[in-house]
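What follows is each chain in one-letter form.
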Amino acid sequence: MSAQYSTPAPRSPTILSLAQHLRQVERERPGGVADDLSPLMNQLAFAAKVLAREINRAALAAAAPPQSVQGGTNSTGDDQTRLDVYANQVVLDAFHRSTRLAGLVSEEMDELVVLSEGDRARMILCIDPIDGSSNTEINGSLGTIFGFYRRERTGPGDLTAELIEGRAPLVAAGYVFYGSGTLLVYSQGEGVRSFLLDRELGEFMMCHPDIRCPEEGDSFAANTGRLYEWHPGLQRYIHHISQRDPATRRPYSLRYSGALVADFHRCLLRGGVYFYPSDRGHAEGKLRLFYESAPLAFLVEQAGGKASDGRSPILPPRARSIHQRSSLVIGSAREVELIEKFVAEAEPKTASAWTI
Ligand code: AFP
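Nothing here was measured: the structure is a model prediction, and the numbers come from that model.

1. As for the packing of helix α2 (residues 33-56) against helix α4 (residues 82-95)
Between α2 and α4, the least distance of the axes is 9 Å, while the angle of their chain directions is 150°. When the axes of α2 and α4 are compared, the pair comes out roughly antiparallel. Once α2 is placed against α4, the crossing between them reads as right-handed. Across the interface between the two elements, L40, Q43, L44, A47, V50, L51, E54 and I55 from α2 touch R82, L83, Y86, A87, V90, A94 and F95 from α4. For the contact of α2 with α4, a count of residues per class yields twelve nonpolar, one polar and two charged.

Here it is as structure tokens:
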């Protein structure tokens, strides 16, 4: 007697690679952002795999000169490590023959690089290839932050002006977090998903289909070594969150790694706030708008959180240059609002002080 098998009811797959997910979105929304984005995300994932492999041995390489020699200084005056220079080249190579990418802005290059003027090249990628590079030699967390900006039209044009003037809005963004595992977190404007690199399969596999940022948190991430160089509102805020009040989960815990991606990731998943304000040494803040603050702002908003410069939303980005810096306050909506409240309350007395 033969066994009777019933056809299983269709369901969403529980094991899904990034490539499969991208194809799925393309099928569901033909003609949209996904058409341009899918090949580019696949290329970016490839670059991330190459970087993950290199980062794994970076501490070793750094301990053995001459590999550890510094790479110089980048366009915004920051020191470049050997890994910064290598990572920039990996990204350039990954997109070298792309017909979908019109241009590329990297923290490590002075100018935007034009890649294609073809009629399928609608996207501009802004990227920080290695975020937190001072963590390299100590085997600490590192990241890659990226944002895809979509042009209104294709063909030749002044891409830098299009970005700065807001004519190429941010349509997708994400980061790669090189920690105990390599995690790719991204959004194309319909929620936030994460994918973990499975080294045996060589694939990014979906591990979280819909990340939501908790509305509140009880931790903060900031370089409080600069406390007395900050806006007085922020100094009062630190005093406030250090007071004991169990009803409002105070005192908050400090969690700061020196890598924005790692600190932001914690806030996104667990709740809390990361901030890097302007101070006496960084009149406009330290972080870069197009490839650090704005992409993470896009993600956090997609996850129900908030991002501002302490007064106004980060998005849409307002800039004078592609390497524009900005203050950043980002994370759980209520925690960002609390900082904005302290800044606003201290404002009239500090109108002439440096901006947040
Ligand atoms: P590096 O990539 O130059 O190490 O800078 C990292 C970063 O842009 C960001 O990832 C950190 O949150 C922040 O700077 C750390 O800056 P401080 O060392 O001034 O705290």
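2. Focus: the sheet that holds strand β3 (residues 101-106)
An order of β4-β3-β5-β6-β7-β8-β9-β10 is seen for the eight strands of this open sheet, with the pairing classed as mixed. Every interior strand has two partners, whereas the edge strands, β4 (113-114) and β10 (203-208), have only one. With two bridges connecting them, β3 and β4 associate as antiparallel partners. By the bridge assignment for β4, G103 is matched with V114. Each of β3, β5 (123-131), β6 (142-150), β7 (170-178), β8 (182-187), β9 (193-198) and β10 is contacted by α2, which is oriented at about 165° to β6, the strand it contacts most. Across the face of the sheet, α4 comes into contact with β3, β5 and β6 while running at roughly 155° to β5.

3. Quick word on the UniProt feature "domain: Fructose-1-6-bisphosphatase class 1 C-terminal" (unreviewed entry) in the protein
Under the local residue numbering, the UniProt record ascribes the feature "domain: Fructose-1-6-bisphosphatase class 1 C-terminal" (unreviewed entry) to residues 214-343. The span residues 214-343 carries 35% helix and 15% strand; its end-to-end C-alpha distance comes to 23 Å.

What counts and what doesn't
Residues numbered from 1 in each chain as written. Predicted model: local features only at pLDDT ≥ 70, side-chain atom pairs only at ≥ 80, totals over all residues. Heavy atoms only, no water. Axes fitted to C-alpha atoms, helices over the stretch in contact; angles between N-to-C directions. Helix = DSSP H or I, 4+ residues; strand = E, 2+ residues; numbered from the N terminus. Parallel < 35°, antiparallel > 145°, perpendicular 65-115°, else oblique. Left-handed = near helix turned anticlockwise from the far one by under 90°. Contact = heavy atoms within 4.5 Å. Nonpolar A, V, L, I, M, F, W, Y, C, P; charged D, E, K, R; others polar. Pairing = 2+ DSSP bridges. UniProt positions renumbered as here; feature names shortened; annotations may be inferred.

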